[in-house]
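A closer look at the structure
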Amino acid sequence: MTGDPARERRKIRCVSRMKEIMTRYYIEAKTAADNGRKVAWITSGGPVEPLIAMDVIPVYPENHGAMIGAAKMGRDLCEKAEAMGYSSDLCAYARADIGAAPIDGGPIGGLPRPDMLVCCNNICGTVLKWYEIQARAFDVPLFVLDTPVCHTGCSDAARRYVAGQIREYIGFLEAVCGRPMDYERMAAVGRLSIEGQRLWQAVLDTAIHRPAPLSAFDAFFHLALIVTLRGTQTAVDYYRELLAEMRQRIAEGIGAVAEERYRLLWDNLPIWYRTRWLSERFAAHGACLVADTYTSAWCSSLPYLDENDFIASMAEGYTRIYLNLGIDQMAEAVIGMIDKYAVDGLVMHSNRSCKPYSLGQHDIQRIVAERRGLPTLMIEADMVDPRAFSESQVETRIDAFMEMIKARGPRGEGA
Amino acid sequence: MFQLDPLFSRIAADPLAYARQWKADTGCPVIGTLCSYAPEEIIAAAGGLPLRLLTTGAGDQGADAHLQAYSCSLVRGALSDWLQGRLAALDGTVFAHTCDSMQRLSDIWRLASRDRFHADVLWPATVTAPGAEAYGVELLKDFAAAYGRYFNTDVDDSALTSTVRLYNRIRGRLRQLYALRRERPGLVPGRDWLAVMRAAMVMDRQALAEALDAMAAALAEQSAPAFEGKRLVLAGGVCEAPAIYEIIEGAGGEVVWDDLCTGWRYAAGQIEETEEVWTALARRYLRRSVCPAKHAGLTSRADELIAAARQAQADGVIFLYLKFCDPHLFDYPYLKQRLGDAGLPCLMVELEEPRAAAGQLRTRCEAFIEML
Ligand code: SF4
Ligand code: SF4
């Protein structure tokens, strides 16, 4: 197989650069204490920019959870948490982290010990409980940034409430770090954050092209920096390089899958322990998952962020992220992506770990069917815990779904 | 022997029949609420009847079209009741943001009910945040304004002030009953206790205050036989498993206290009548006994539970959880550990379908009580 030149050509060259950056980042994080630097554990939707500006190293238990899933260590660590008394119905990121922390488990020998925890509940209520547990376990201070849900919008009262908390957040960091915030640096970090998000969106947008130079499965991998190193020059440089590579691929006609005939949209978190299998399964049908609602969530609030006054715009930016919206607004976003990327069908991962992402999918599916007449495949699974995954069942469903898509014919062709 | 006012049992058995009658008599709206954080005082001050929804027990048909199997029976059952028209008496519904499942239920409910009033009262998750109170006051006013616009009414300060007084009277009575329950276990059988609490979240609140006054007066003259059995605290979210009381009593125990959303957390918290009314109201919600979906510090839930159990001289704690209830299930290992450190044994029962769980409950509760 290694000799297949077409396959070699399809490999994304930036992958090795990304691995290098992530390795360096984790080494830096794990040796933080030796270098007199502080580590904060932070939720994936949390405001990382003030940490970067304060020279604190952000560490993401959710990113760790994804690595645990991809390394197929999820079952074991989830079972460890269950032995500690945590129900097997709880979010597997939380379970894997709670199971890994006391034994330094997982593919990188555990996360560095936190000096503080920063929890933003704009993604779910689970993180609030999870961070309470870890704050007690590590006996470190916890800051909660509470972002009221935007069921139908964001009220002025909510905006003021969150803005007040952003100020408290900075005060919290100043107290833990023992030095004042450098607002000039903060403004620079804010600009880099926005630039990084724009570049990430531009990378994702290259998939508008047929054939798409990258798939959602690639995006799941290249996402890591916009989550962990948002607000740094490293992330900006990396996405610039990745964008150039994607444009080059477009120029050379290189697609993410060998023969792209059908284009699909993925919803929800990846099934980390099965990404390769899934991508090959779809590719065998000539289908490419060209976009997803998950990786694009890290640039979903760009319209609310202001590069000239980042701090002031953070309140709304962090409150109006994808998972914090009502499902009708989520459906609007899905329809927007269906049109933008000209997809033929929707693949929804009904993820028993993640209630805010998954409950409501049936309604979104119905809205999409009514408004765009697109079929949906629902895959029952879990992002990290393989016990919730039945390969034969998923395979049968994918095959049946693709037969239906084929019978309809590709949407974009000849239209 | 204590005789329960049959009104309580009647309302508890069929809250919606009561609501329909009330609506026919008064011509005023009936508003469903799904959580003890719904600001009932505002609904009542505007002339509406706040009606706490649990499930009617008719099952969860139709819920599958909207909700996956990994949502709790309350969320699924309530949605089914709504979709199947069993809640036709409601003129609107008020959600108060708590857990992730409720958050999405609110969206699904709203999309399925365009011709009814719908509101989300988004209380802070961090009830102790410095800005929580100012935000709380604003959200109460926003809610009152939205309610007023929809029903073409007005919640003025004086109506709210007198409703606040009424609620203080009600909750004060409920707390008095809780103290009696602790001091004289068995005085009010568990089944009756459940009926009172259920009715308290449904009844016309003026009539409720009067009925509770009468109940307290009648109880003052009653003496309970000395209780020698095991004293238990019941903790969890909603208690929709009436069988639990008879099982506990049958095994020689009594529930002497609870930490339930449909129990103490509803009764807890006086509204300061000397303070500006909106601020006082917001404060009550932010400071009352905290729900696990909210954050009031790292140890507050355990501290409070242990203090209550000690004060009630409890022999043990029974946690009654709904399957898939994230906030409670996350709290459990820590609460168990802290209770253990305090020398209090506990039992956790996770119920998929609480109304149909008598068998499962019996075996486990009996074994637990026997062990105490
Ligand atoms: S997977 Fe879902 S429930 Fe788990 S931490 Fe992420 S957003 Fe929260
Ligand atoms: S029982 Fe638990 S999961 Fe269900 S609505 Fe209540 S808090 Fe949410």
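The paragraphs below set out a description of the structure included in this document. (Residues numbered from 1 in each chain as written. Chains lettered and ligands numbered in written order. Predicted model: local features only at pLDDT ≥ 70, side-chain atom pairs only at ≥ 80, totals over all residues. Heavy atoms only, no water.)

**Comments concerning the overall build of chain A**
Secondary structure summary: chain A contains 18 helices and 8 strands in total. A globule of 415 residues ought to have a C-alpha radius of gyration of about 22 Å, and chain A, at 21 Å, matches this closely. In chain A, 80% of the contacts between residues at least 6 apart in sequence involve partners at least 24 apart. Surface summary for chain A: the accessible area is close to 14,800 Å², and the carbon and sulfur share equals 50%. Side-chain charges of chain A comprise 47 positive and 53 negative groups, with the mean position of each set lying 2 Å from the other. (Helix = DSSP H or I, 4+ residues; strand = E, 2+ residues; numbered from the N terminus. Rg over C-alpha atoms; globule rule 2.2 N^0.38 Å. Contact = heavy atoms within 4.5 Å. Areas by Shrake-Rupley, 256 points an atom, 1.4 Å probe, with all protein chains shown as cover. Lys, Arg positive; Asp, Glu negative; His and termini not counted. Charge placed at Lys NZ, Arg CZ, Asp CG, Glu CD.)

**Considerations on the interface of chain B and chain A**
At the junction of the two partners, chain B supplies 46 residues and chain A supplies 51 residues. Interface of chain B and chain A: buried area, both sides summed, is about 4,200 Å²; carbon and sulfur atoms make up 58% of it. For chain B, the biggest contributors to the area lost against chain A are Tyr-70, Arg-104 and Phe-330 of chain B; these three give 21% of the whole. Run the count over chain B and chain A and you get 5 salt bridges. Counting across the interface, chain B meets chain A through 25 residue pairs in polar contact (both at pLDDT 80 or more). Among the secondary structure elements, those contributing two or more residues to the side of chain B that touches chain A are α5 (100-111), α6 (132-151) and α14 (326-341) of chain B. Here the side of chain B that touches chain A gets 9 residues from one element, more than from any other, and that element is α5 of chain B. (Buried area = accessible area lost by both parts, 1.4 Å probe. Salt bridge = Lys/Arg side-chain N within 4 Å of Asp/Glu carboxyl O. Polar contact = N/O pair within 3.5 Å; in protein donor to acceptor, adjacent residues only side chain to side chain.)

**Details of the packing of aromatic side chains**
Applying the stated criterion to the full structure yields 34 aromatic pairs over all chains. An angle of 25° between the planes, with centres 5.2 Å apart, marks the rings of Trp-123 of chain B and Tyr-285 of chain B as stacked. On the criterion of sequence distance, the pair formed by Trp-123 of chain B in the loop between β4 (117-121) and α6 and Tyr-285 of chain B in helix α12 (residues 277-287) is long-range, its members being 162 residues apart. Among the aromatic residues, those joined into a ring-pair cluster are Phe-217, Phe-220, Trp-266, Trp-272, Tyr-294 and Trp-298 of chain A. Above the face of the Tyr-285 of chain B ring, Arg-284 of chain B is positioned so that its terminal group lies 4.8 Å from the ring centre. (Phe/Tyr/Trp six-rings, centres within 6.5 Å; stacked < 30°, edge-to-face > 60°. Lys NZ or Arg CZ within 6 Å of the ring centre and 35° of its normal.)

None of the figures reported here should be taken as evidence of function without further support.
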